[in-house]
Amino acid sequence: MAFSSHSEPLTIIIFGATGDLSRTKLLAALMDLSCSGCLPADTRIVGVARKELTDEEFQAMARKAIDRKAHEHPPERVEEYLARLRYLSGDFTEYEMYPMMAQYLQAQDAERGVCSNKLYYLSVQPSLYEPIFEQLAHSGLSIPCAGVSWVRIAVEKPFGHDSESAAQLDQKLTALFAEEQIFRIDHYLAKEAMENIIVFRFSNALFEPSWNAEHIESVHIRFLEPNGIGSRGNFYEDVGALRDVGQNHLLQMLAFVAMDDPKSLAADAIRAEREKVLGALVPLSPDELASVVKGQYASYRTEADVAEDSTIETYFTLTTHLDLPRWRGVPFVLEAGKGMHEHRIDITIVFKPIDSCIGSKDASDEVRKNRLTFTMQPEESITLTFFAKKRGFSMATEEKTFSFNYAEGTERLRDAYEKLLLDCIRGDQTLFTTGKEVAAAWRYITPILRHWHNREPVIYEDNTPGPAR
Ligand code: BG6
């Protein structure tokens, strides 16, 4: 892929620069890009947040955040990166902030004698998106400083709160920014193991012919995390598990598994196939809605910034279907939870058993089914279970596995945020969701949210497999 804008001066403006995502992911991903020479030589990163900090204090905060990653880079490169960081304090909800920011960015450009490309990265509470879009546009910050430069905006999920608010937000965003300026983020799309689903499916003759309802019995998508919500109480109380990971990460995992061959790797082709899958999610019937499990881990209500009587879910499981000939009748089981007994984020394809001369059952009377698992956490890998002859005089079978682990490669495994930030700079939108995808996912999720409104969750003990079913 050509780096058309790669060498031009760049300013990345992080809204919410002192927040959790910025500290745990963005600042480290930018350091990795900077230290491996993937950022334009003249790049500045401006952190923006309400907290009063000097540039030096922000740099110290960034140093602390990236120290946790145990530097893999020469110290001089890390210092070079830290020297790129600047800080601007202000309140995004205040109108005066934006003309002030415009002046600040102009001064930054003037000091360098450039007209830099601008990437605005919104890592803030979703409720702040709308005023930020409006003010960026009204204060002229959405307009490039010269004809050849660009302005782009990257927006974190969840984009909206339900179908209506997402549609309204998208309308606002697309009225103020052109589609090619907009990068809607779902970092799961940029995981090596997710992209590999496409490569694996469409480059191996072995699986694609049986990738359909005739041969696949069910698909299971799990998003189990052992930790609680930590310091994200405010965010989580507003969002809950279904909006946090269901509306986006899990449905995108489903889209990658279920999509048809896009016939090309062009962004439009891949995005159109994902859109087709999400648009084919069959709405849940009233009975199915009633069977969606809503859970909450036992200590959730004692977490910081969480209401004592919160009904927010930290767990859900549901079964969905696709109205596509390839998948008719195949259940897709989605499950996600915090405070679980294990860290396991994966997709398992369960193939139908075959009845042959060997029979369909193994020695312990279990039906033999091949399973193919794409794992994203705790490590990125692929595992296939198959059956082989057990040693001995009989024809008894036993289960064996083929597996492939990304960590075994020699090249450093790139973090999803590195890839996303680099793609924002390159202008490649393949790994970003379209407005249509976001709308289709909300269309599917919103009736569940409505059905759940103020409904008590089932409480499950911390570090267990979730509510008993
Ligand atoms: C984020 C969610 O989008 O993804 C978090 O907001 C979740 O709640 C996280 O923990 C998981 O991402 P990863 O890359 O750490 O598996």
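In case you missed it, the structure is sitting above this.
These figures come from a predicted structure and were not determined experimentally.

So, about the site of the ligand. For the ligand, the set of nearby residues contains 13 residues, the closest of which are Tyr 188, Lys 191, Glu 225, Asp 244 and His 249. At 2.8 Å, a side-chain N or O of Lys 157 approaches an oxygen atom of the ligand. Separating an oxygen atom of the ligand from a side-chain N or O atom of Arg 232 is a distance of 2.9 Å. Looking at the shell around the ligand, its residues break down into 3 nonpolar, 3 polar and 7 charged.

With that out of the way, let us pick up the pairing of strand S6 (residues 182–185). Covered by surrounding structure in S6 are Ile 182 and Arg 184 together with Phe 183 and Ile 185, the residues of both alternating faces. Handedness of the strand S5 (residues 151–156)-helix H6 (residues 163–176)-S6 crossover: right-handed.

With that settled, consider helix H1 (residues 20–35). Look at H1: 22 Å from first C-alpha to last across 16 residues, which is about the 22 Å you get at 1.5 Å a residue. The largest bend along H1 measures about 30 degrees and falls at Leu 26. Listed in full, the buried residues belonging to H1 are Ser 22, Leu 26, Leu 27, Ala 28, Ala 29, Leu 30, Met 31, Asp 32, Leu 33, Ser 34 and Cys 35. Considering only its buried residues, H1 is in contact with strand S1 (10–15), strand S2 (43–49), helix H2 (55–67), helix H3 (75–82), strand S4 (117–122) and helix H11 (416–426). Where H1 ends, the next residue or the one after it, Gly 37, has phi of about 75 degrees, a positive value.

Turning our attention to the packing of helix H7 (residues 192–203) against helix H8 (residues 233–258). Viewed as axis vectors pointing N to C, H7 and H8 meet at an angle of 10 degrees, and their least axial separation amounts to 9 Å. Comparing the axis directions of H7 and H8 gives the class roughly parallel. Considering only the axes of H7 and H8, their crossing is right-handed. Contacts between H7 and H8 involve Met 194, Glu 195, Ile 197, Ile 198 and Arg 201 from the first element and Gln 252, Met 253, Phe 256, Val 257 and Ala 258 from the second. Residue composition of the contact of H7 with H8, grouped by class: 7 nonpolar, 1 polar and 2 charged.

Looking now at the sheet that holds strand S10 (residues 332–337). One open sheet holds the 9 strands; their spatial order is S14-S13-S12-S11-S7-S10-S9-S8-S15, and the pairing between them is mixed. Every other strand in the sheet has two partners, leaving strand S14 (397–405) and strand S15 (458–460) as the edge strands with one partner each. The mean angle between the axes of side-by-side strands here comes to 20 degrees, regardless of whether they run parallel or antiparallel. Relative to strand S9 (residues 315–320), strand S8 (residues 293–297) is paired through 3 bridges, and the arrangement is antiparallel. Within S9, the position partnered with Lys 294 by the bridge is Phe 316. Running at roughly 145 degrees to strand S7 (residues 216–224), H8 makes contact with S7, S9, S10, strand S11 (344–351) and strand S12 (371–377) of the sheet.

Reading the values: the criteria
- Residues numbered from 1 in each chain as written.
- Predicted model: local features only at pLDDT ≥ 70, side-chain atom pairs only at ≥ 80, totals over all residues.
- Heavy atoms only, no water.
- Near = heavy atom within 4 Å.
- Polar contact = N/O pair within 3.5 Å; in protein donor to acceptor, adjacent residues only side chain to side chain.
- Nonpolar A, V, L, I, M, F, W, Y, C, P; charged D, E, K, R; others polar.
- Buried < 20%, exposed > 50% of the residue type's maximum accessible area, 1.4 Å probe, protein only.
- Helix = DSSP H or I, 4+ residues; strand = E, 2+ residues; numbered from the N terminus.
- Right-handed = clockwise from strand over helix to strand, strands pointing away.
- Expected span 1.5 Å × (residues − 1).
- Bend = angle between axes of the 7 residues up to and from the residue.
- Contact = heavy atoms within 4.5 Å.
- Axes fitted to C-alpha atoms, helices over the stretch in contact; angles between N-to-C directions.
- Parallel < 35°, antiparallel > 145°, perpendicular 65-115°, else oblique.
- Left-handed = near helix turned anticlockwise from the far one by under 90°.
- Pairing = 2+ DSSP bridges.

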